[in-house]
Amino acid sequence: MTVPREQFHEQRQEQGFQQRHDWTLDEINALFALPFNDLLFKAQQVHRAHFDANAVQISTLLSIKTGACPEDCKYCPQSGHYNTQLEKEKLLEIEKVVEQARAAKEAGASRFCMGAAWRSPRDKDLLLVEEMVRQVKAVGLETCMTLGMVDGEQASRLATAGLDYYNHNLDTSPEYYGEIITTRTYSDRLETLSNVRDAGMKVCSGGILGMGEDAQDRSALLQQLAKLSPHPESVPINMLVKVPGTPLENVEDLDPIEFIRAIAVARIMMPQSHVRLSAGREQMNESTQALAFLAGANSIFYGDKLLTTGNPQADRDRALFAKLGLHPEKCETCESEATQAARLAQQAQQQVHAERVAELAVDASV
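Residues numbered from 1 in each chain as written. Predicted model: local features only at pLDDT ≥ 70, side-chain atom pairs only at ≥ 80, totals over all residues. Heavy atoms only, no water.

Novice: Pulling in residues and values, what's your account of the pattern of salt bridges?
Specialist: By the definition in use, this model includes 17 salt bridges. One salt bridge in this structure joins Arg 111 and Glu 142, with 2.9 Å as the shortest N-O distance. With Arg 111 in strand 2 (residues 111-116) and Glu 142 in strand 3 (residues 142-146), this pair connects stretches of sequence that are 31 residues apart. For the pair formed by Arg 111 and Glu 142, the shared burial category is buried. One salt bridge connects Lys 137 with Asp 164, and the closest N-O pair in it is separated by 3.1 Å. Remark: Asp 164 occurs in the loop between helix 6 (152-161) and strand 4 (165-167) and Lys 137 occurs in helix 5 (residues 123-139); sequence separation between them is 27 residues. Taking the relative accessible area as the measure of exposure, Asp 164 reaches 17% and is therefore buried. Each member of the salt-bridge network shares a partner with another, and the members are Arg 20, Asp 22 and Glu 27. (Salt bridge = Lys/Arg side-chain N within 4 Å of Asp/Glu carboxyl O. Helix = DSSP H or I, 4+ residues; strand = E, 2+ residues; numbered from the N terminus. Buried < 20%, exposed > 50% of the residue type's maximum accessible area, 1.4 Å probe, protein only.)

What follows is the structure, given as structure tokens:
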């Protein structure tokens with residue numbers, strides 16, 4: 001007899017698969033120390049309690065402003081502190097962003113993420129970014145932005161424009177953070193995430209593994225993410241891409257099995273979050289990616305490039321999906337064509353009304 005989904009979910013919560021925000025480091029370390037098969041089995045149980053085990057959310061990431069970032073993040077080729085031979089580019093024109101969004105949707109993406117190499121957006125830039133959000137939403141995609149730090153007013157403006165997600169990674173543990181970044185504090189990052197949540201947007205926040213951190217730092221990073229209430233809706237787990245010219249270009253590689261363990265532990269600790277297999281997939285073989293999906297990863301970036309670093313091409317991803325029996329997750333919050341048409345018609349009516357009111361105001365003043 002098939003158990004109804006709601007009853008199944010309740011049973012899983014009784015078995016300890018509910019959201020928690022009070023994970024201790026000892027508990028997290030104990031998960032990491034489980035035999036690999038036991039860890040993946042537990043992660044699969046949690047994953048199947050909350051998601052279609054064979055569905056993967058598809059996002060595409062576009063750099064809308066590249067290079068010359070004032071931050072000194074040691075992993076980042078866009079930092080103005082390092083010579084990575086990266087060509088500086090100004091903010092993309094809105095038409096080009098929308099063109100890329102349409103192509104992403106045709107390739108199967110349900111979310112379009114836009115990133116700008118800023119410490120924090122300026123007001124004139126934010127005006128353009130807001131319009132990008134509105135027009136990408138009109139294409140019928142979820143929207144995500146990563147623009148650096150945002151205050152409460154900026155977050156509110158982005159939310160009003162219709163932004164669904166804001167990405168701001170914690171990167172690593174509080175203890176190791178100072179070894180990677182000195183121009184922005186850990187509390188700065190947490191404050192931005194708080195502003196995003198208060199504005200009503202969904203949170204996308206994760207970290208980067210393989211930056212020379214130790215196992216305790218990986219546990220502490222996941223602890224910090226799980227402390228966020230509610231948990232981030234999207235948790236990108238990145239493998240460091242070592243870029244020549246950055247201080248981390250010669251750091252020792254992280255064992256792929258340790259990376260998979262982190263995916264599994266993230267899935268267990270944040271059961272209702274999408275765990276994204278993010279940067280570093282270009283360097284991963286199919287077997288490593290398959291293990292990541294088995295461990296609970298259920299989101300990827302789709303396309304040729306992640307901001308400035310390589311990413312498996314869409315055709316390769318489609319072939320891997322076919323081999324593993326995976327399929328793109330249906331976007332529940334994306335607009336249907338009918339809903340989109342109705343919303344655009346309403347906006348047009350509102351614009352006509354506003355113009356008419358302005359004309360009447362002018363006539364009245366004459």
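Novice: Which residues make up the pairing of strand 7 (residues 234-239), and what are the values?
Specialist: Within strand 7, six of the six residues are buried, which leaves the element mostly enclosed by the surrounding structure. The alternating pattern of strand 7 places Ser 234, Pro 236 and Asn 238 and Val 235, Ile 237 and Met 239 on opposite faces, both of which are buried. Both strand 6 (residues 207-209) and strand 7 contribute to a ladder of three bridges, which runs parallel. Bridging across to strand 7, Ile 208 finds its partner in Asn 238. As for the winding sense of the linkage, the β-α-β connection from strand 6 through helix 8 (residues 215-227) to strand 7 is right-handed. Relative to strand 8 (residues 274-277), strand 7 runs parallel, the two sharing four bridges. Looking at strand 8, one finds that Ile 237 is bridged to Leu 277. Read as a crossover between parallel neighbours, the route from strand 7 over helix 9 (residues 256-269) to strand 8 is right-handed. (Pairing = 2+ DSSP bridges. Right-handed = clockwise from strand over helix to strand, strands pointing away.)

Novice: How would you explain the packing of aromatic side chains if you had to name every residue and give the values?
Specialist: Enumeration according to the criterion identifies two aromatic pairs in this entry. Look at Tyr 177 and Tyr 186: their rings are 5.2 Å apart centre to centre, the planes differ by 85°, and that puts the pair in the edge-to-face class. Each of the two residues, Tyr 177 as well as Tyr 186, counts as buried. If you follow Arg 111 out to its NZ or CZ, it ends over the ring of Tyr 165, 3.8 Å from the centre. Lying across the ring of Phe 301, Arg 276 places its NZ or CZ 4.4 Å from the centre. (Phe/Tyr/Trp six-rings, centres within 6.5 Å; stacked < 30°, edge-to-face > 60°. Lys NZ or Arg CZ within 6 Å of the ring centre and 35° of its normal.)

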